[in-house]
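What the coordinates show
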Amino acid sequence: MAQIIKVLKGTKDILPQDVDMWQFVEEKAQKIFGAYGFKEIRTPIIEVTDLFSRGVGDTTDIVNKEMYTFEKSERSITLRPENTAGVVRSYIENGMARLSAPVKLWYKGPMFRYERPQAGRQRQFHQVGVEMFGIKQPAADAEVIMSAVDFLKSIGLNDLEVEINSLGCPKCRAEFKEKLKSVLRPYLNDLCEDCQNRYEKNPLRLLDCKVEDCQKIYSKPEIQKVIMSDFLCDECREHYTELKSYLDAMGVKYSENKLLVRGLDYYTRTVFEIKSNNLGSQNAVCGGGRYDGLVSQLGGEDTPAVGFAMGMERLISLLPEKNSKKLDGYIVSNNTQEAFKLAQELRNQGCSVEFDLANKKFTKQLEKASKVAQKALILGEDEISNGQVSVKNLETGEQIVVDRKNLKL
Ligand code: ATP
Ligand code: MG
């Protein structure tokens, strides 16, 4: 026998028994984000590598370690590791700046990151997310966060924790970065290699480090004092305060977390995460924030923007298992031609119907019906000659005879 070929490490099939859950989540996304006025956008899975090095940032783990990149016709191409950069590219390329603001887009689809596979971490995974362009006011941030919370509620996830923070603007953040660097300088040699590399390029990211020894250093009082200090300039503080006032007014529960810095380079002012206590160490289901500099960084007009991405595998792992949907009906008959005809009549009405294609015995067909369908539609010789169908409700066992032309499932 030929050798079996297996799925690549870190990737998974979404099997028929699980696909109902995925469709349920996708339908809710369309409904809830649609209710907020977001329109779906579908961008390509492959993009030029520069889009991510410039858009996601050279100092991020994604760009440094996690991208699937290959050469084709002397161009460097990358499988998208996230979709904000792609949506921004499309926004610019398609002149969406000419549309009246806000431009509100949502997406869903596979992303690719070369990470160590573990619970909650795959190499091909799926995200659903939204992006809103053109509004600098914090009402936009609030609406984006609310749409995330509403969507999660709509799929039955009510008890997740929303954390928010403000990273300030490039100006006030620059001062904060310098303060942080100077207080950390004496400990530089004791930090992990990643933190040592980030120290110059992206010192805020140090706070995000998961290494215990680093966290011990960051919890020292003199360093905590800097971290906890209010470094925001007046405008950024006002923006943040107003955002919180909207969330309060709308009853969105959140906590403030000064250590929340997010992994990506492009965030300005608002950042947020939504977490679950039931996910172990990979506990973030949603990450997002404001990225006012990204559109111009990628060659467009200066445009404020805010958005988020959620990991669909993590969401789905939090949902109770659903039984696969059963067929509306299974036709039980020894007359294949008549079964074909009845199946077509019902399918044309929008019902899901199957019948035996392999000349199985009547009793076998009935057994099959009770496994896969809600109703058995029995089409024996009598029923055929009378233009009738015996409909057996497989949950209650009740059976009635119905004229074929009146049959509704
Ligand atoms: P993490 O800290 O878990 O690596 P991240 O900051 O890299 O997260 P984002 O880029 O913000 O993640 O992506 C948003 C969401 O996508 C995450 O909150 C998570 O739910 C999901 N996600 C990210 N990477 C993966 C992955 N490799 N496998 C499955 N889901 C993922
Ligand atoms: Mg990551």
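This structure is a prediction, so every number in the text was calculated from the model and none was measured.

In spatial order, the strands read β1-β5-β6-β11-β10-β9-β7-β8; together these 8 strands make up an open sheet with mixed pairing. In this open sheet, the two strands that pair with only one neighbour each are β1 (39–40) and β8 (255–256). Pairing analysis gives 5 bridges linking strand β10 (residues 284–290) to strand β11 (residues 305–311), with the strands arranged antiparallel. Each residue of the ladder has a partner; that of Arg290, found in β11, is Val306. Across the face of the sheet, helix α5 (residues 138–154) comes into contact with β5 (103–112), β6 (124–133), β7 (161–166), β9 (268–275), β10 and β11 while running at roughly 20° to β11.

The next thing to look at is the packing of helix α6 (residues 170–184) against helix α9 (residues 221–228). Relative to each other, α6 and α9 sit at 175°, their axes nearing to 10 Å. As the angle between them shows, α6 and α9 are arranged roughly antiparallel. Residues Phe176, Lys179, Leu180, Val183 and Leu184 of α6 lie in contact with α9, whose contacting residues are Glu222, Ile223, Val226 and Ile227. A breakdown of the residues in the contact of α6 with α9 according to their chemical character gives 7 nonpolar, no polar and 2 charged.

This paragraph deals with unusual backbone geometry. Note the cis peptide between Ala101 and Pro102, where omega equals 0°. Considering the arrangement of structural elements, one finds Pro102 in the loop between α4 (84–93) and β5. Phi at Glu74 is positive, roughly 60°, even though this residue is not glycine. Mapped onto the elements, Glu74 comes out in the loop between β3 (68–72) and β4 (75–79). Owing to a relative accessible area of 79%, Glu74 belongs among the exposed residues under this scheme.

Criteria and thresholds
Residues numbered from 1 in each chain as written. Chains lettered and ligands numbered in written order. Predicted model: local features only at pLDDT ≥ 70, side-chain atom pairs only at ≥ 80, totals over all residues. Heavy atoms only, no water. Pairing = 2+ DSSP bridges. Helix = DSSP H or I, 4+ residues; strand = E, 2+ residues; numbered from the N terminus. Contact = heavy atoms within 4.5 Å. Axes fitted to C-alpha atoms, helices over the stretch in contact; angles between N-to-C directions. Parallel < 35°, antiparallel > 145°, perpendicular 65-115°, else oblique. Nonpolar A, V, L, I, M, F, W, Y, C, P; charged D, E, K, R; others polar. Buried < 20%, exposed > 50% of the residue type's maximum accessible area, 1.4 Å probe, protein only.

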